Amino acid sequence: MTALADSLVAFNTFPDSETQVHRLRMGLLLGVDELQAHSTLMYADWRRAVAEFVAARRGETVHDLIPAATAHAALGIALSAYRRWVDEPDADQARLHELLRQGTCILA
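Every value quoted in this text rests on a predicted model; they were computed, and no experiment measured them.

Draft legend 1. Region of the structure containing the packing of aromatic side chains. Counting across every chain of the model gives 3 aromatic pairs. An aromatic cluster is built from Phe14, Tyr82 and Trp85, whose rings are joined through pairwise contacts. Here the basic side chain of Arg23 rests over the ring of Trp85, its NZ or CZ set 4.2 Å away from the ring centre.

Draft legend 2. Quick look at helix 5 (residues 93-104). The terminal C-alpha atoms of helix 5, which comprises 12 residues, lie 17 Å apart, in line with the 16 Å expected from a rise of 1.5 Å per residue. Among the residues making up helix 5, those that are buried are Gln93, Arg95, Leu96, His97, Leu99, Leu100, Gly103 and Thr104. On the buried face of helix 5, the contacting elements are helix 1 (2-11) and helix 4 (65-86). The residue sitting at the N-terminus of helix 5 and contributing the capping side-chain oxygen is Asp92; that oxygen lies 3.3 Å from the backbone nitrogen of Ala94.

Draft legend 3. Fine view of the environment of Ala78. Along the chain, Ala78 falls in helix 4. Counting along the chain gives 23 residues from Ala78 to Arg101, while the straight-line C-alpha distance between them is 9.6 Å. Discounting residues that sit within four places of it in the chain, Ala78 has contacts with Trp46 and Leu100.

Draft legend 4. How the structure looks around the side chain of His97. Mapped onto the secondary structure, His97 falls in helix 5. Of the polar contacts made by the side chain of His97, one reaches the side chain of Thr13; its length is 3.3 Å.

Calculation notes
Residues numbered from 1 in each chain as written. Predicted model: local features only at pLDDT ≥ 70, side-chain atom pairs only at ≥ 80, totals over all residues. Heavy atoms only, no water. Phe/Tyr/Trp six-rings, centres within 6.5 Å; stacked < 30°, edge-to-face > 60°. Lys NZ or Arg CZ within 6 Å of the ring centre and 35° of its normal. Helix = DSSP H or I, 4+ residues; strand = E, 2+ residues; numbered from the N terminus. Expected span 1.5 Å × (residues − 1). Buried < 20%, exposed > 50% of the residue type's maximum accessible area, 1.4 Å probe, protein only. Contact = heavy atoms within 4.5 Å. Polar contact = N/O pair within 3.5 Å; in protein donor to acceptor, adjacent residues only side chain to side chain.

Next up, the structure:
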């Protein structure tokens, strides 16, 4: 869980100067149906990377239950954290990272 949280935070780190642009981009990705549909294709690659990470740590394949389920759960955590972060207009990157770490607690 800690390694996954660290990975989510590292992957979702960006220059502080890009916070507002990133918030706008994520708001669009989360709120526009056509962009959500396109993102689904990209999320498949994202889930595969997470499944590979978990599978390697567990000595399993990406198709085994725990790596595959963790990948889907991690995507849900990331999207939920971003939704909350976008809805908090004054939240900074540290808040996003906090939400990502809190979300991974469901995997314990």
